[in-house]
Each structure stands twice: as structure tokens, then as C-alpha cells.
Number of protein chains: 2
Amino acid sequence: MSCEEKATQKLSERGFRITPQRRVILHILMHANAHLTPTEVYEEARKSLPSLRETTVYRTLEFLTQVGLAQEAFSKTSKSAYEISDYAHHHLICRKCGKEVEIPHVKMKPLCEDIETETGFQLMQNHLSFFGLCPACQKN
Amino acid sequence: MSCEEKATQKLSERGFRITPQRRVILHILMHANAHLTPTEVYEEARKSLPSLRETTVYRTLEFLTQVGLAQEAFSKTSKSAYEISDYAHHHLICRKCGKEVEIPHVKMKPLCEDIETETGFQLMQNHLSFFGLCPACQKN
DNA sequence: ATCCTTATTGCAAAAACTTGCAATAAGGAT
DNA sequence: ATCCTTATTGCAAGTTTTTGCAATAAGGAT
Ligand SMILES: [Mn+2]
Ligand SMILES: [Mn+2]
Ligand SMILES: [Zn+2]
Ligand SMILES: [Zn+2]
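Described below are features of the structure shown in this document. (Residues numbered from 1 in each chain as written. Chains lettered and ligands numbered in written order. Predicted model: local features only at pLDDT ≥ 70, side-chain atom pairs only at ≥ 80, totals over all residues. Heavy atoms only, no water.)

Quick word on the protein's contact with DNA strand D
Okay, so step 1: Around DNA strand D there are 19 residues in total, and Ile18 and Tyr58 of chain A together with Arg22, Arg53 and Thr56 of chain B lie nearest to it.
Okay, so step 2: Those atoms of DNA strand D that come within 4 Å of the protein belong to sugar or phosphate at a rate of 68%.
Okay, so step 3: In this structure, a base nitrogen belonging to DNA strand D sits 3.1 Å away from a side-chain N or O atom of Arg17 of chain A.
Okay, so step 4: The separation between a phosphate oxygen of DNA strand D and a polar main-chain atom of Ser51 of chain B is 3.0 Å.
Okay, so step 5: Sorting the residues of the surface near DNA strand D by element identifies α3 (38-48) and α4 (54-66) of chain A together with α2 (20-31) and α4 (54-66) of chain B as the ones contributing at least two each.
Okay, so step 6: The class makeup of the residues in the surface near DNA strand D is six nonpolar, seven polar and six charged. (Near = heavy atom within 4 Å. Polar contact = N/O pair within 3.5 Å; in protein donor to acceptor, adjacent residues only side chain to side chain. Helix = DSSP H or I, 4+ residues; strand = E, 2+ residues; numbered from the N terminus. Nonpolar A, V, L, I, M, F, W, Y, C, P; charged D, E, K, R; others polar.)

Laid out in C-alpha cells, this is it:
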């Protein structure tokens, strides 16, 4: 039973099809220890599935995000990158040196609840990037 | 005295040069009542400055963001768009129908201060997009 | 096992965005 | 007014991302 089995089951249950392309991409995301750009996913994925095309990578990452299995991130370069959507968290990034700190979602919870009651919106699991200057870069 | 005068003065003071390209783009941003994509800025700007190129638009928007005169937004399409950075605010966007609600920054202030004391980072004026389902779309 | 429906992929071309480098021109100095 | 320095722009080419449409194949039905 391969590691992406649980995720593909979710897709199945919701009426989506399981394809080799989706399997490979899920597998890669699940073993990545960083946010990956579509190009990085593509390079890695085609090692085991050479027929895979960039177009499909873009569409699959978008798809996985829509169904909640992945989430998009905006990093220093403002290029988008993706990761598996497991635990809720956010990022704080130094605009100067790129240093990143993770912000657990619990810190944001009160704000989210406030927004929900005030607007009537139902928030989804957001994955935000705050920017600022890290302690080191403030001195220079 | 044209409307973008105050902004260009700021640039001058900080040692940056005032160019027709920057003037036009600032002017457009200051009169826009929405977030504009680089292409939209380009189309509008070249009406009064036909020699302007896309490259310059991208670089100028990036530049204005760096110096704090503009800010980037990530909307439903995830394509980037820009607006003048006047008052601090954030966005809440319905993932289904695209409806947008503005969130005043004051709502976020306690969270930001919490993050600053905890991490030592000094936050810049962030311009975030929350996603969720609007009341109407929750029913369907 | 074969057929059917249609979601998903690949293909080809376009659109959006980036990059290195040479030409230009803003703004300070003479 | 002219010159100088170098920040900024344009140019050309590359890379990334999107899009419409035809081909493919996943998964349910027979
Ligand atoms: Mn993350
Ligand atoms: Mn905004
Ligand atoms: Zn830093
Ligand atoms: Zn909605």
C-alpha cells in the first residue's frame, strides 16, 4: 500500500479519477520537505513518468488545491509553490534575506472566527505569507 | 500639480529617479478603483506613453512595491495585480463566486503585534487574501 | 471481457513574466 | 549650457503559465 493511497481514496470517494499522473504528483508532494514549484514537481515526476507534461502538472496542482489535498504558497520570489495540505500553518518571511518562520494556525484562530461571524463567510484553510524584516536584517 | 506629485517627491527624496514611465504608472494606479494586472496597466499606460514596454511595467510595479508605494494582491485567479498602497486592508474572497469583502487592517492588528513580539520580526504592511465561501455559496 | 461515457491528458499555440545586456536619459557637478 | 555617472529603460531571447481542442484512458455498466 503506497503512501498516497489514503489521498487517492478521498479522490475516488468524491468521484474523481485516479491516474498515474495524480499518483506520482501526490507521492512527490508527500515526500517533499519544502514547498515545490511546478517546475520542480515536473522534473521530479517525469523521472518515473516520462510521458507527463508540464500542462498536466499545472492542472493537477491546481486541482489538488481545489479539492484540499494541496495548498499554494507565495514565497519571497512571489512565484507560487505547492505542498501537501496536512496541518494548518502560515509563513513569515524576511523580505531581505528570505528567512522563514512558521506560524501555527492556532495563533490566527481568533481572527478567523471574528471574520467568520462578522462577514458570514466560511473560511477555508488558508495558507498565508506575512512579510517583514527578521531581527538580523533590522540591524543593517 | 499633477496628482502623483507627492509620490514622486518621496521617490526623489530617497534618491530614486523620476521618469515618465514611473509618472504614468503611478498616475494610473492612483486613479484605478480596482486591482490592476500588469497587462491592464500596460494597455492603459501606453495610451499616453506609446514607447513604454511591458518589461518596464513589470519592473516598475515591482519597484513601486519595494518602496511601499504600491502593493501586490493575489486574487481569485491567482494572477498578480497591483494597487496604490494607501490605507492598510486585506481581502476575503469567495472561492466559488469570486465575491470580495474588504477586511480593515485594524482587525488584524492584535495578531500582528503578537507575531512581532514572539518572532522579533518587524512586519511590513501586508496585503493578504483570505479565501472561503460567501453566505450565498454556502447554501448551494 | 467488452463497451460507453466523459474526466483527464497531451498537443500546439498563445499569453504572461523574466533576464542579460546595450542604449538612453535623470539629475548632480562643473 | 555641457558633461558625467549610473539608474533606468528598451530590446531580444528565454522561461513559465495558460488555453482550446482532439486523443486517451478511468471506471462504471453490460
Ligand atoms: Mn507552508
Ligand atoms: Mn487591496
Ligand atoms: Zn532577514
Ligand atoms: Zn460566493
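Focus on the coordination of the manganese ion (ligand 1)
Residue and element names in this part refer to chain A.
Okay, so step 1: Within the protein, His35 (NE2), Glu83 (OE), His89 (NE2), His91 (NE2) and His127 (NE2) serve as the donor atoms for the manganese ion (ligand 1), at 2.0 to 2.3 Å.
Okay, so step 2: Donor residues for the manganese ion (ligand 1) sit on one chain with the sequence pattern H-x47-E-x5-H-x1-H-x35-H.
Okay, so step 3: Looking at Glu83, the relative accessible area reads 13%, which means it is buried.
Okay, so step 4: Exposure remark for His91: the relative accessible area of 5% places this residue in the buried category. (Donors = N, O, S within 2.8 Å, 3.2 Å for Na, K, Ca; no water. Buried < 20%, exposed > 50% of the residue type's maximum accessible area, 1.4 Å probe, protein only.)

Focus on α4 of chain B
Residues and elements named next belong to chain B.
Okay, so step 1: In a regular helix each residue adds 1.5 Å, so 13 residues correspond to 18 Å; α4 covers 18 Å between its end C-alpha atoms and thus fits that length.
Okay, so step 2: All buried positions along α4 are accounted for by Val57, Thr60, Leu61, Phe63, Leu64 and Thr65.
Okay, so step 3: Taken from the residues just after α4, Gly68 is the one with a positive phi, measuring 90 degrees. (Expected span 1.5 Å × (residues − 1).)

A look at the coordination of the manganese ion (ligand 2)
Residues and elements named next belong to chain B.
Okay, so step 1: For the manganese ion (ligand 2), the full set of protein donor atoms is His35 (NE2), Glu83 (OE), His89 (NE2), His91 (NE2) and His127 (NE2), and the range of their distances to it is 2.1 to 2.3 Å.
Okay, so step 2: In terms of primary sequence, the donors binding the manganese ion (ligand 2) are separated according to H-x47-E-x5-H-x1-H-x35-H. Placement of His35 in the loop between α2 and α3 (38-48) and of His89 in strand β3 (residues 89-94) is noted, with a sequence separation of 54 residues between them.

Topic: the sheet that holds strand β4 (residues 100-104) of chain B
Okay, so step 1: In space, the four strands of this open sheet follow the order β5(A)-β6(B)-β3(B)-β4(B), with mixed pairing throughout. Of all the strands in the sheet, the pair left with one neighbour each is β5 (122-123) of chain A together with β4 of chain B.
Okay, so step 2: Pairing analysis gives four bridges linking β3 of chain B to strand β6 (residues 129-133) of chain B, with the strands arranged parallel. Bridged to Cys94 of chain B within β6 of chain B is Gly132 of chain B. (Pairing = 2+ DSSP bridges.)

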